[in-house]
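Remarks on the overall topology
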Amino acid sequence: MKPLAFFLLLCSPLFSQQRPNVVLVMTDDQGYGDLGCHGNPIIKTPCLDQLYRESTVLTDYHVAPTCSPTRSALLTGHWTNRTGVWHTIQGRSMLRENEVTIGQHLSSIYATGMFGKWHLGDNYPYRPEDRGFHEVYRHGGGGVGQTPDLWDNSYFDGHYFHNGSIVEADGFCTDVFFQQAKEFIKKSVANHAPFFAYIALNAPHGPLHAPQKYLDLYQDQKPNLAAFYGMITNIDENVGSIRSLLKELGVADNTIFIFTTDNGTASGASVFNAGMRGQKGSEYDGGHRVPMFVHWPAGGLDKHRKIDTLCHAVDVVPTLLEVCEIPNESNVKFDGLSLKDLIDPQVEVQWPNRFLVTDSQRVIDPIKWRKSAVMSQRYRLVNGKELYQIHSDPGQKKDLSAIHPEIVSEMRAFYEQWWAELEPTFTQTTEIHLGHPKHPKVTLTAHDWLNTSPPWNQGHIRKAAGAEKKRFEGHWAIKVLKEATYKISLLRWPEEAAHPITAPLPAGRNVPGATKAFRTNQGAALPITSASLRVNGDTIDSKEVGQNDVAISFITKLPKGSHQLSPVFHSKKGETGAFYCIVESIEPQ
């Protein structure tokens, strides 16, 4: 590099400050069109609109079409299918143990905090506290009230996991998660530590609940839309509040504040979708093109500036590592590119032409071309067949594949190479570890059953979804770290419910919103008579189930290695997988 060019680089705002703090806010199921600044005529988002006016905005930024896959790409810089996360349930939402998260990259220099929705595994080694986050305050599973979450949680006055302990909270979940993030930021500033606050919200994902004052803002809309928009306006106020705190603490200028979402809209497409086709889960742009605002005054990113270059969630980690001057000590080969030069207002960059891939698998093992989009700056190849010129046809209505077969061929060739590289990794099943000293008591839930459709929320658990089949075909994939004797307890209801296996449960109370809380379902009684423990398809032991039994426990030695664990309950009509299972080593660690 020439001396003058080097001097100019050092004078660039992105190189003139100490390591910046980072606040990354990501909402759940909010699409590109669910913001006033993007043209939505109904929604009220004044704080996010202000952030938009004060930020560098990536207008062609893409994620996966659903929750967990986006999180895996955002936190690792790897394609979702490379990380083992291509679904939201069935054991395919757990981030492979060999992946390195942004938390792990930063944790030796930064105070790292994770608040809200993790959705990348609830047991060791997949939890956020296992992946580089010092402070963790979260719900279980993919949302409040889902199967791995604490029992009978709703969006109000819940119980959450705080650094491994269960704590009680008052108020609406979004408010709670932001408040915990604020406390973390205040503590970090007081300790003069740079901080990374990852605030990943479960809102506005359903069930659709919000404090009444936010529902009242949209009284003229249908109930579902009123609740959905109300949840977003609540998020908006919290974004404004946490930005005010950064100013009060004197750290706003050197804090990179990022706002984005995890997939296309789940509820707002009928009102406004920015002219795009598709919504959550779709391979069309409406399923995966989302907001991305970056605000950083000390880096010169405090004025409205649009960048129309094609980008993806896999670019976030390499960008933050370069901007924050964090060495890639794990020597991760990223699938994404650093956007540092692209977003630096003082640098002119010739950005390379590249192809990006997004897909929506939501199956046990990925299927080639399934709900896929190969993206270039100009084109979208959908499902390997349909070709759209995205700038002249943002609604993806006119298929140009017959007119431009050479472009289809080029994009197909890229996908074929991409698939060939990733396909060998698909057989690497994520396994829940047993016998690790950091997690001596492991709670398995039906959310992570493989080989069967699981009851992924507590409404399903209450209704006994999938119960009394001829034979239970599901299992948990486990990895026994050392041969030992384990106590394996089978439960119909979670441990915190402390309720007999065969007994019904009364319905819980509802909360404000357009849909009912999962706990408002009656808890069905099951006429269970016995329980069996199966390992690798073989029945190890069986016991009768009494009327007052809360759990049925088996003591067995498990050899080191990979196994399939399938505990079941029996009734006259058939088999029911144990919705919950607790495994504890009874030998000294």
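Above: the structure in question.
Residues numbered from 1 in each chain as written. Predicted model: local features only at pLDDT ≥ 70, side-chain atom pairs only at ≥ 80, totals over all residues. Heavy atoms only, no water.

To continue, consider the packing of helix 2 (residues 46–53) against helix 8 (residues 223–248). Two numbers describe a pair of packed helices, the interaxial angle and the distance between the axes. Two elements in contact, helix 2 and helix 8, have axes separated by 7 Å at closest approach and are oriented at 55°. As far as their axial angle goes, helix 8 and helix 2 are oblique. Each of Pro 46, Cys 47, Leu 48, Gln 50 and Leu 51 in helix 2 lies in contact with helix 8, whose residues at this interface are Asp 236, Glu 237, Val 239, Gly 240 and Arg 243. Split by residue class, the contact of helix 2 with helix 8 holds 5 nonpolar, 2 polar and 3 charged. (Axes fitted to C-alpha atoms, helices over the stretch in contact; angles between N-to-C directions. Helix = DSSP H or I, 4+ residues; strand = E, 2+ residues; numbered from the N terminus. Parallel < 35°, antiparallel > 145°, perpendicular 65-115°, else oblique. Contact = heavy atoms within 4.5 Å. Nonpolar A, V, L, I, M, F, W, Y, C, P; charged D, E, K, R; others polar.)

Take the sheet that holds strand 14 (residues 372–375) next. If you trace the 4 strands from one edge of the open sheet to the other, you get 13-14-15-16, paired in antiparallel fashion. The open sheet has two edge strands, strand 13 (356–359) and strand 16 (386–389), and neither has a second partner. Ignoring which end each strand starts from, the neighbouring axes of this sheet average 20° apart. Sheet contacts for helix 12 (residues 405–422): strand 13, strand 14, strand 15 (379–382) and strand 16; angle to strand 15, the most-contacted strand, approximately 65°. (Pairing = 2+ DSSP bridges.)

The next thing to look at is the nonpolar core. Judged by nonpolar contacts, the single largest core of 68 residues is most densely connected at Tyr 61, Phe 196 and Tyr 198. If one sorts the elements of this core by residue count, helix 12 sits on top with 7 residues. Contacts of Tyr 61, omitting those with residues within four sequence positions, involve Leu 74, Thr 260, His 288, Arg 289, Val 290, Pro 291, Met 292, Cys 311, His 312, Ala 313 and Val 316. Counting 54 residues, the second-largest nonpolar core is a separate cluster that includes Ile 43, Phe 115, Tyr 214 and Tyr 229. (Core = buried A, V, L, I, M, F, W, Y, C linked by side-chain atoms within 4.5 Å. Buried < 20%, exposed > 50% of the residue type's maximum accessible area, 1.4 Å probe, protein only.)

By the element assignment, Thr 576 lies in strand 25 (residues 574–577). Ignoring anything within four residues of it in the chain, the contact list for Thr 576 reads Ala 467, Glu 468, Leu 526, Val 568 and Phe 569.

Another point: the side chain of Thr 485. Residue position: Thr 485 is located in strand 20 (residues 484–491). On the basis of relative accessible area, Thr 485 is assigned to the buried category, the value being 17%. If near-sequence neighbours (up to four positions away) are discounted, Thr 485 is found in contact with Ile 555, Thr 556, Lys 557, Glu 584, Ser 585, Ile 586 and Glu 587.

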